[in-house]
Amino acid sequence: MSSIRCRQLCKTFKQGDEIITGLDHVDIDIEEGEFVCLSGPSGSGKTTLLNAIGGLDTPDSGEIHMGDIRIDRLERGPLADMRLHHIGFVFQSYNLIPVLSARENVEFVMQVQGVPAAQRSRKSLEILREVGLEGMENRRPAQLSGGQQQRVAVARAIVTHPDLVLADEPTANLDSVAASHLMDLFVELNQHHRITFVIATHDKRVMSYARRLIKMQDGKIISDEPQ
Amino acid sequence: MLVDVGLRLAWRNLWRHWRRTWLTVGAMIFSNGLLIFAMSLQFGSYDMMIDNSLHAYSGHLQLQHPRYLDEPKMRYALDNVAAIAERLRRELSLDSISARAAGFALASSEERSYGLQIVGVDPVHEPLVSTLPGLVKQGRYLKPGAAGEIVIGAVLARNLKISVGDELTFLGSGFDDSFAAGIVTVVGIFESGMADLDRALAQVELGYFQDVFAMQDRGHSLIVRARNIDDVESLQAQVKALLESNQDISLRHWEELQPGLRQAIQADMASNSFMYVVLVVLVAFSVLNTQLMSVLERTREFGTMMALGLQPARLSRLVMLETALMTALGLVLGIAVGLVVNLYLSRVGFSYPGMDEVALKFNLPERIYPAISLASMTLGPAAVAIGSLLAALYPALRLYLLTPIEAMRAV
Ligand SMILES: Nc1ncnc2c1ncn2[C@@H]1O[C@H](COP(=O)(O)OP(=O)(O)O)[C@@H](O)[C@H]1O
Ligand SMILES: [Mg+2]
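Summarised in this report is the structure supplied together with it. The numbers attached to residues start from 1 for each chain and follow its sequence in the written order. Just so you know, chain letters begin at A and ligand numbers begin at 1, following the order they were written in. Residue-level local features of this predicted model are given only where pLDDT is at least 70; pairs of side-chain atoms are given and counted only at 80 or more, and the full residue set underlies all totals for whole chains, interfaces and linings. Side-chain measures here rest on the full set of heavy atoms in the structure, leaving out hydrogens and waters.

Let us look at the overall build of chain A. Secondary structure summary: chain A contains seven helices and ten strands in total. Using C-alpha atoms as the atom set, the radius of gyration is obtained and then compared with a globule rule of 2.2 Å times the number of residues to the power 0.38. Taking 2.2 N^0.38 as the reference for a compact globule, 227 residues should give roughly 17 Å; the C-alpha atoms of chain A span a radius of gyration of 17 Å, in line with that estimate. In terms of overall dimensions, chain A has C-alpha extents of about 50 × 40 × 35 Å along its principal axes. Here the term buried applies to any residue with accessible area under 20% of the maximum for its type, exposed to any over 50%, and partly exposed to those in between, with areas from a 1.4 Å probe on protein chains only. Put simply, chain A has 227 residues, and 57% of those count as buried. Two residues qualify as a contact provided that any one of their heavy atoms is within 4.5 Å of a heavy atom in the partner residue. For chain A, long-range pairs separated by at least 24 residues make up 69% of all intrachain contacts whose partners lie at least 6 apart in sequence. Only the protein chains shown count as covering a residue, and every accessible area follows the Shrake-Rupley method with a 1.4 Å probe. For chain A, the accessible area works out to roughly 9,700 Å², and carbon and sulfur atoms hold 45% of it. Side chains of chain A carry 25 positive and 31 negative charges; the gap between the two charge centres is 3 Å. The secondary structure listing takes helices from DSSP runs of H or I that are at least 4 residues long and strands from runs of E that are at least 2 residues long, numbered from the N terminus. Positive residues here are Lys and Arg, negative ones are Asp and Glu, while His and the chain termini are left out of the count. Here the site of a charge means atom NZ of a Lys, CZ of an Arg, CG of an Asp or CD of a Glu.

If you want it as structure tokens, here you go:
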């Protein structure tokens, strides 16, 4: 399911009379279990590419295959289901539900998946321990530091055992200690759970963790090298 | 983990802006309380209206000749009315059953003449079915066996320019189309507040009436007053059973005897419902406003949830669940408020300025008491709840227009 193939992806945005290039004939293959960094200056198309792969936005042309599914052709409902069951998202600004505790945030996605309550409860505690938040399960997001909130977001993303985690500038709001903790966690999850990671970043510290570094500029891939 | 995460999320979302939520819930509580109060009082006043008008004269049920209702002619009479009345009183163990006979006559005093309905009554049982005997303001009511006595309405007395102790002659036609005439002494003048009765009704003793109008033992109606308006239907069934299939006697329900009463109530209900609808619409708009604001300010959050794989239907359900929780709060607290007000009013009654004058004039009670019933307690709150849920559909369904990326970009 989890190998990703993008062919000739193009995406443009209209802003007034101006046409802005988001993606310009992008080809990528990402195999199961890879740990990939997308780097490039701001505006180079990293987010646009992640959104396309994650089924949040459809490209103007080109193909996106995930295993044998053409996700750019999926309807809204099946696309949402695919995100729910196969893809985990980590956003720059955590995006936790403010009125739910760390544990409830993690459980919420499982509930939507239809996981029974007892199992939800056990798994959420387990995963929060795994991301290093033991003892903070009942805190609300506002009572957690940025690094801790991002860990809750990671826990939420991986608790459903996705094939792929897409992280968009996950360290942008973190100090360097928190950032390196988060990256250690990503590496560990990648190794233990064989979850594929694609991380968009322009943070040098993050790139140093990559085992494959893809550089983008003006919506094009300008280099793609193993590290 | 007894509470579902979705339910907990909905509940907590409500209190993110607790002032705004309480304002909306407060509007529901107020409207529910007001609707319960107004409807209970309204139903209470209908009960009072029905009770008063039926108690005044017509009773809850009447036994008549089958054709008498449509054509109240003297010849459509029942045989042996006094005996039937006696039998019914015994079999039903109910004293408030009284026989009447009625005819039209021209009444003349020394100075003037007026047409009137002259009714023969049983002076012992008539006070049990009708308030009229108790409304004699001058003189006294008829005595049993007293031939040659009459009581008349106050307006008629004024028109004829007579008072208690004066004599009156009347002229009509009897059962056998013979000439019926009598000279009677006015012993009492009643004032009922009901124009028809005060202007054109006179009562004499039944036996005397039967003599003068050559009716023998006949009469035109048996008036039945139930102990309570709620007993009327069961009483009706009992009387029907006693009459078996006697084709010569029809049993009339008060709605047949006074069709205008139901119509008046229905007209009043219709005009009141307009106000109720306005109130419900106002609450619905308040819910619409609250939920629309609450959805708009959470656009980003909804975007995140959609990115995680939640479909719009689930988000809509969340918004509806939040509305349902608010509505439930408003419902429970509103009904509680309404109940407290009602219980208080059912002790002390309700009156508005000037009501006592009207009451005095028309022989109504000076206070209205609320009728606390399932309908009066729940009809208004149910309408408010339905209106609120309908209003929330718009903000809830708008979520179907959201796409995760655009929603997440919203501030
Ligand atoms: N919704 C949009 N409307 C207009 N322009 C957009 C939109 N989304 C992205 N862009 C433009 O597309 C280009 C690529 O953006 P993005 O993928 O966000 O870059 P990155 O994530 O690398 O900073 C940028 O020039 C950006 O301004
Ligand atoms: Mg970006």
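The structure having been displayed, the exposition proceeds.
When its secondary structure is counted, chain B shows 15 helices and ten strands. Computed over its C-alpha atoms, the radius of gyration of chain B comes to 32 Å, more than 25% above the 22 Å expected for a compact globule of 411 residues. With the C-alpha coordinates aligned to their principal axes, the bounding extent of chain B is approximately 100 × 50 × 30 Å. Expressed as a percentage of the 411 residues in chain B, the buried residues total 50%. Contacts in chain B between residues far apart in sequence, at least 24 positions, make up 79% of those at least 6 positions apart. Roughly 19,500 Å² of accessible area belongs to chain B as shown, and the carbon and sulfur atoms make up 59% of that amount.

Residue and element names in this part refer to chain A. With respect to the helices and strands, Asp68 occurs in the loop between β4 (61–66) and β5 (69–70). For Asp68, a relative accessible area of 79% corresponds to the exposed category. Each C-alpha atom of the pair Asp68 and Gln111 lies 27 Å from the other, and the pair is 43 residues apart in sequence.

All right, on to the interface of chain A and chain B then. Residue-level contacts link 27 residues of chain A with 27 residues of chain B. By buried area we mean the combined loss of accessible area, with a 1.4 Å probe, across both parts when two parts are placed together. Ranking the residues of chain A by area buried against chain B places Arg76(A), Val99(A) and Phe108(A) at the top, with a combined share of 22%. By convention in these notes, a salt bridge is any Lys or Arg side-chain nitrogen within 4 Å of a carboxyl oxygen on Asp or Glu. Linking chain A with chain B are two salt bridges. One salt bridge in this structure joins Arg12(B) and Glu104(A), with 2.4 Å as the shortest N-O distance. As used in this structure description, the phrase polar contact means that two N or O atoms lie within 3.5 Å; if the pair is within protein, one of them must be able to donate a hydrogen and the other to accept it, and residues adjacent in sequence are counted only when both atoms belong to side chains. Taken together, the connections running from chain A to chain B amount to eleven residue pairs in polar contact (both at pLDDT 80 or more). Secondary structure elements with two or more residues in the side of chain A that touches chain B: α2 (76–86) and α3 (102–113) of chain A. Side-chain classes follow a simple rule in which Ala, Val, Leu, Ile, Met, Phe, Trp, Tyr, Cys and Pro form the nonpolar group, Asp, Glu, Lys and Arg form the charged group, and the remainder, Gly included, forms the polar group. For the side of chain A that touches chain B, a count of residues per class yields twelve nonpolar, six polar and nine charged.

What follows concerns the environment of Arg140(A). Among the structural elements, Arg140(A) can be located in the loop between α4 (117–130) and α5 (146–158). By relative accessible area, Arg140(A) is classed as partly exposed at 33%. Between the C-alpha atoms of Arg140(A) and Pro98(A), which are 42 residues apart in sequence, the distance is 6.6 Å. Every residue in contact with Arg140(A), bar those within four places of it in the chain, is listed here: Pro98(A), Val99(A), Leu100(A), Ser101(A) and Arg12(B). Side-chain polar atoms of Arg140(A) contact the backbone oxygen of Val99(A), separated by 3.4 Å.

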